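# A closer look at the structure
Chain by chain, the residues run as shown.
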Amino acid sequence: MDDLHEAFTEREIAENLARAEERSALFRRYGVDQDALRSSIVRHIEGVHAPVLEVGTGKGRLTVAIARTVGDVVSVDTDPDGMRMAALLAAHYGVRERIHFLLSDAARMAYPDGHFDTAVSAFTLHHLERPEAVLGELARVTGRLVLISDFNETGFAALDRIHESEGRAHDRGSGAFGIRDAGDQLVRLGFRVRMVEEELQTMCVATRAQ
């Protein structure tokens, strides 16, 4: 995926940015400030050692924020279309060279144990088909800090209203494995876990016990 930027035109970059900003404006109308949510996540990983592993590229908002604040990022996802949008966004902000986009199953990553200092996954947990396997792999390849974030009930309710306004429904998955289940699993895997509650999201900040 790293050669995507070579074919980008200024028009493509500008059109992608316009779509992203339009989407952000819609979310704000329903009380969801996506930039504020991601800024809160980034504050918890400022000063960590790069590269940072991100699971769940999405459209690249958090990917770009990490690249601009922390440094190099390895971003893993299975959606090539979303990854291309993320690369276009990174090109606009001038951080494309700091990001390695990896189209891969996050439950089976080709990295040695403890390869990354820090791993982050935001608003992805409820979409995962095998969350336990992904978390186990995150714990394996991360030496110090794992941060998992997802919407809480207030946040999910806001998302439902946004999607309803567009005539569709937001897929929350089965709901059988949530953010607190993630925290419990990381404790079993040798991490000290702190849950951070915010208005729209809950963060599980897990530090490997020494």
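Described in the following lines is the structure provided in the data block.

Calculation criteria
Residues numbered from 1 in each chain as written. Predicted model: local features only at pLDDT ≥ 70, side-chain atom pairs only at ≥ 80, totals over all residues. Heavy atoms only, no water. Helix = DSSP H or I, 4+ residues; strand = E, 2+ residues; numbered from the N terminus. Expected span 1.5 Å × (residues − 1). Buried < 20%, exposed > 50% of the residue type's maximum accessible area, 1.4 Å probe, protein only. Polar contact = N/O pair within 3.5 Å; in protein donor to acceptor, adjacent residues only side chain to side chain. Contact = heavy atoms within 4.5 Å. Phe/Tyr/Trp six-rings, centres within 6.5 Å; stacked < 30°, edge-to-face > 60°. Lys NZ or Arg CZ within 6 Å of the ring centre and 35° of its normal. Salt bridge = Lys/Arg side-chain N within 4 Å of Asp/Glu carboxyl O. Pairing = 2+ DSSP bridges. Right-handed = clockwise from strand over helix to strand, strands pointing away.

### Topic: helix 4 (residues 80–93)
- For helix 4, with 14 residues, the first-to-last C-alpha span of 20 Å sits near the 20 Å given by 1.5 Å per residue.
- Of the positions making up helix 4, those classed as buried are Gly82, Met83, Ala86, Ala87, Leu88, Leu89 and Ala90.
- You can read the cap of helix 4 off the contacts: a side-chain oxygen lies 3.1 Å from the backbone nitrogen of Asp81, and it is on Asp79.

### Side note on the environment of Thr57
- In this fold, Thr57 is placed in the loop between strand 1 (52–55) and helix 3 (61–69).
- Once the C-alpha coordinates of Thr57 and Leu135 are considered, the two residues, 78 residues apart in sequence, prove to be 16 Å apart.
- The contact partners of Thr57, leaving out residues within four places of it in the chain, are Thr63, Ser75, Val76, Asp77, Met83, Ala86 and Phe101.
- At 2.7 Å, the side chain of Thr57 and the side chain of Ser75 are in polar contact.

### Topic: the packing of aromatic side chains
- One pass over the full model with this rule turns up three aromatic pairs.
- Here the aromatic rings of Tyr111 and Phe116 are separated by 4.9 Å at their centres, their planes lie at 70°, and the arrangement is edge-to-face.
- Among the residues examined, Tyr111 registers a relative accessible area of 17% and is labelled buried.
- Ring-pair connections join several aromatic residues into one group, and the members of that group are Phe123, Phe151 and Phe156.
- Sitting over the face of the ring of Phe156, Arg172 holds its NZ or CZ atom 3.9 Å from the ring centroid.

### Overview of the side chain of Glu137
- Residue position: Glu137 is located in helix 5 (residues 131–141).
- Not counting residues up to four positions away in its chain, the partners in contact with Glu137 are Ala106, Ala107, Arg108 and Met109.

### Re the pattern of salt bridges
- Inspection of the entire model under this criterion finds 11 salt bridges.
- The shortest N-O distance in the salt bridge between Asp105 and Arg130 comes to 2.9 Å. Separated by 25 residues along the polypeptide, Asp105 in the loop between strand 3 (99–103) and strand 4 (116–122) and Arg130 in the loop between strand 4 and helix 5 bring together distant segments of the chain.
- Here Asp105 falls in the partly exposed class, since its relative accessible area comes to 27%.
- On the basis of relative accessible area, Arg130 is assigned to the partly exposed category, the value being 44%.
- Residue Asp117 is joined to Arg144 by a salt bridge in which the shortest nitrogen-to-oxygen separation is 3.0 Å. Taken as a pair, Asp117 in strand 4 and Arg144 in strand 5 (residues 142–151) lie far apart in primary sequence, 27 residues in all.
- Among the residues examined, Arg144 registers a relative accessible area of 32% and is labelled partly exposed.
- The network of salt bridges with shared partners includes Arg23, Glu166 and Arg168.

### Focus: the pairing of strand 5
- Burial analysis of strand 5 places eight of its 10 residues in the buried class, which makes it a mostly covered element.
- Here strand 4 runs beside strand 5; their pairing, made up of six bridges, is parallel. If you follow Ser121 over to strand 5, its bridge partner there is Ile148.
- For the handedness criterion, the β-α-β arrangement of strand 4, helix 5 and strand 5 is classed as right-handed.

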